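So you can see what is in the structure, the chains are spelled out below.
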Amino acid sequence: MAISVRKPSSKARSTGELPELARKHLWLHFTRMGGYLDEDVPIIVRGDGCYLEDINGKRFLDGLAGLFTVQVGYSFGEEIGQAALEQMRELPYYSNWSYAHPAAIRLAAELAELAPGDLNRVFFVSGGSEAVETAWKLARQFHLGNGQRRWKAISRKLAYHGTTMGALSINGVPQLRQPFEPLVPEVIHIANTNGYRRPADETEAEFTAFLLEELEQEIIQAGPDTVALVVLEPVQNSGGCLVPPAGYLEGVRALCDDYGILLCADEVICGFGRLGEWLGTDRHDMQPDMLTVAKGLSSGYGTIGALIASDRLMEPFLEEGAMFSHGSTFGGHPVQAAIALKNIEILRRERLVEHVRATEGAFRATLAPLLDLPIVGDLRGEGFFYALELVRDKETKQTFEPEESEALLRGFLTPRLYEAGLICRTDDRGDPLVCICPPLVAGQAEFDRIAGILGDVFTEAWTRFCA
Ligand SMILES: Cc1ncc(COP(=O)(O)O)c(C=O)c1O
């Protein structure tokens, strides 16, 4: 009998081997792996509350909630794990292809209750990209069901909506799209709501009118009866917490109605308390036809997303013989649904949405003095979701050249903040900025620590790069 020579099982491998194994085998997402040929990748081994610990025992304040995800923080593993275990015992897997199961039904009902208006129909997926992909497919097939062939989508410049080919095409970040072109036709990218460099004498109403005028012109130019969908986040993350000016979202809704276009609110980041309301659409009184959610739906304890659609969107699919031709093996997975249900229960019980609303003023007030630093040009955002834009010259709002930004962000800020014990996102998909998005259990101690570390590191950055 031949004896097979097996590699040692991963359990047999000691913690000490992990850096080397990571270097050899693990392919990190959106990561320049060449940077880790000689250096160890950061390895996070445990978490509690708003804090993380790496393999060397160093503690970090997580100013990014995982990846805009861990709303309840890291201390609910036992409780959520128990809910997952009970679901595993009862029914570890079943699909949503032609069948239902209690966890998916209960979660669908819960989400329908949280969603605005008549958004009562929930289609489960595994994450945010898939939710956005589903939104575009649903829009196309919905119009077809009404006898119209509409396929185009409209989204905003710099907005990030995911990585699958449809969601990627909707992205407004050119450097993410380019390597994969040709993409899914056809997406029109309109201006986002970044008002930082708008004319000083422009009123908010004028800014809104400018944005809506551009949107209408783009719809007309595309051919209104070819446009299926407008996708936008209530507050756009990429570009730095871009809050909509007054009247903008109502105006987008009105244009969508005028031209028969569906409106999707991408709530993958804004949802589940991030903006101090259950959904960003609540905060901004937005009335979409569909919502995409993921991340905070499970606080990252599970891998689940959803598209929540209005009753009207279901109508063509209720006709005899009709169906939405879309699905996936893991959409509505019972264990993931049980995890999401428990996460929502915890958000409610711990009153975390109310906590964000009650303390967002204190959070902003703690961050605001950073605006006195010469390198900090703007502070944007709301709830527990902020961005600080970094500039070379505050008076003129002059930004950094791409090479300078590269050296500042990747060469200095990212490693220096990590060294100082703060995980947050440095981002130069648009102008360079730092994003702050802690778990919703953060309080004044965390606000102070975030502001303190950022203050020290920004001061050093100014001396090194600008003075
Ligand atoms: C607004 C938005 N939509 C969609 C996505 C894609 O989600 P996922 O990474 O779960 O596919 C993201 C991810 O960051 C996002 O921020």
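What this report covers is the structure whose coordinates are included nearby.

Conventions we followed
Residues numbered from 1 in each chain as written. Predicted model: local features only at pLDDT ≥ 70, side-chain atom pairs only at ≥ 80, totals over all residues. Heavy atoms only, no water. Near = heavy atom within 4 Å. Polar contact = N/O pair within 3.5 Å; in protein donor to acceptor, adjacent residues only side chain to side chain. Areas by Shrake-Rupley, 256 points an atom, 1.4 Å probe, with all protein chains shown as cover. Nonpolar A, V, L, I, M, F, W, Y, C, P; charged D, E, K, R; others polar. Phe/Tyr/Trp six-rings, centres within 6.5 Å; stacked < 30°, edge-to-face > 60°. Lys NZ or Arg CZ within 6 Å of the ring centre and 35° of its normal. Buried < 20%, exposed > 50% of the residue type's maximum accessible area, 1.4 Å probe, protein only. Helix = DSSP H or I, 4+ residues; strand = E, 2+ residues; numbered from the N terminus. Pairing = 2+ DSSP bridges. Core = buried A, V, L, I, M, F, W, Y, C linked by side-chain atoms within 4.5 Å. Domains from an automatic or database assignment. Contact = heavy atoms within 4.5 Å. Bend = angle between axes of the 7 residues up to and from the residue. Patch = residues over 30% accessible without salt bridge, like charges linked within 9 Å, V, L, I, M, F, W, Y side chains within 5 Å. Salt bridge = Lys/Arg side-chain N within 4 Å of Asp/Glu carboxyl O. 1 Å grid on protein atoms, 1.4 Å probe; cavity = no way out; pocket = protein on both sides within 12 Å on 5 of 7 lines; lining within 4 Å. Points joined across faces, edges and corners; volume = space filled by probe spheres on them.

1. Observations concerning the site of the ligand
Item 1. Near the ligand the following residues occur: G127, G128, S129, Y160, H161, G162, E233, D266, V268, I269 and K295.
Item 2. S129 places a polar side-chain atom, nitrogen or oxygen, 2.6 Å from an oxygen atom of the ligand.
Item 3. One nitrogen or oxygen atom from the side chain of D266 is found 2.7 Å from a nitrogen atom belonging to the ligand.
Item 4. Relative to its unbound accessible surface of 390 Å², the ligand loses 81% to contact with the protein.
Item 5. Partitioning the shell around the ligand into residue classes produces three nonpolar, five polar and three charged.

2. Focus: the packing of aromatic side chains
Item 1. By the definition in use, this model includes 14 aromatic pairs.
Item 2. In this structure an aromatic cluster arises from ring pairing among Y93, Y94, Y99 and F330.
Item 3. We note R348 situated over the ring of W278; from NZ or CZ to the ring centre the distance is 5.4 Å.

3. Structural notes on the pairing of strand β2 (residues 51-54)
Residues in a regular strand point their side chains to alternate faces of the sheet.
Item 1. Residue alternation in β2 divides its side chains into two sets, Y51 and E53 and L52 and D54, and both sets are buried.
Item 2. Here strand β1 (residues 44-48) pairs with β2 via four bridges, running antiparallel. Paired with D48 across the bridge in β2 is Y51.
Item 3. In textbook terms, the turn of a hairpin is the stretch between consecutive antiparallel strands, and for β1 and β2 this stretch comprises two residues, one of which, G49, has a positive phi near 55 degrees.
Item 4. Across three bridges, β2 lies against strand β3 (residues 59-62) in antiparallel orientation. Residue pairing across strands places Y51 opposite L61, the latter belonging to β3.
Item 5. Hairpin connection, β2 to β3: the antiparallel pair is bridged by four residues, and G57 has positive phi, about 85 degrees.

4. A closer look at the nonpolar core
Item 1. In this structure, L107, L111, L413, L454 and F458 are the most contacted members of the largest nonpolar core, which totals 92 residues.
Item 2. Built from parts of two domains, this core gets at least three residues from each of domain 1 (15-72 + 351-465) and domain 2 (79-349).
Item 3. Residues contacting F458, with those up to four places away along its chain left out, are L373, I375, V376, L388, L390, L413 and V434.

5. A closer look at helix α13 (residues 352-367)
Item 1. For α13, the principal kink sits at T359 and spans about 50 degrees.
Item 2. Of all the positions in α13, only L352, V353, V356, T359, E360, F363, T366 and L367 are classed as buried.
Item 3. Elements that come into contact with the buried residues of α13 comprise α10 (280-283), α12 (334-349), β11 (376-382), β12 (385-390), β15 (433-436) and α15 (444-465).

6. Some thoughts on the sheet that holds β1
The pairing of strands in a sheet comes from backbone hydrogen bonds and takes either a parallel or an antiparallel form.
Item 1. Here four strands make up an open sheet; going across it, the order is β1-β2-β3-β13 and the pairing mixed. At either margin of the open sheet sits one strand with a lone partner, and together these are β1 and β13 (422-423).
Item 2. By the bridge criterion, two bridges tie β3 to β13 in an arrangement that is parallel. Each residue of the ladder has a partner; that of L61, found in β13, is L422.

7. Concerning the environment of L91
Item 1. For L91, the location among the structural elements is in the loop between α3 (77-90) and α4 (102-114).
Item 2. As a C-alpha pair, L91 and A103 span 12 residues in sequence and 9.6 Å in three-dimensional space.
Item 3. Ignoring any residue separated from it by four or fewer positions in sequence, one finds L91 in contact with H101 and P334.

8. Things to note about a nonpolar patch on the surface
Item 1. A grouping of Y93, Y94, Y99 and F330 is seen on the molecular surface, where their side chains present a nonpolar patch of about 440 Å² in accessible area.
Item 2. With respect to the helices and strands, Y93 occurs in the loop between α3 and α4.
Item 3. The exposure class of Y93 is partly exposed, given its relative accessible area of 32%.

9. With respect to the layout of surface pockets
Empty pockets left among the atoms are what a rolling probe the size of a water molecule brings to light.
Item 1. Taken as a whole, the second largest pocket spans an internal volume of roughly 790 Å³.
Item 2. For the second largest pocket, the lining is made up of 29 residues, of which N96, V122, F123, M314 and F324 are closest to its centre.
Item 3. Secondary structure elements with two or more residues in the lining of the second largest pocket: α4, β4 (119-125), β10 (305-310) and α11 (311-314).
Item 4. By residue number, the principal contributor to the lining of the second largest pocket is β4, which donates five residues.
Item 5. Of the residues assigned to the lining of the second largest pocket, the class counts are 18 nonpolar, 10 polar and one charged.

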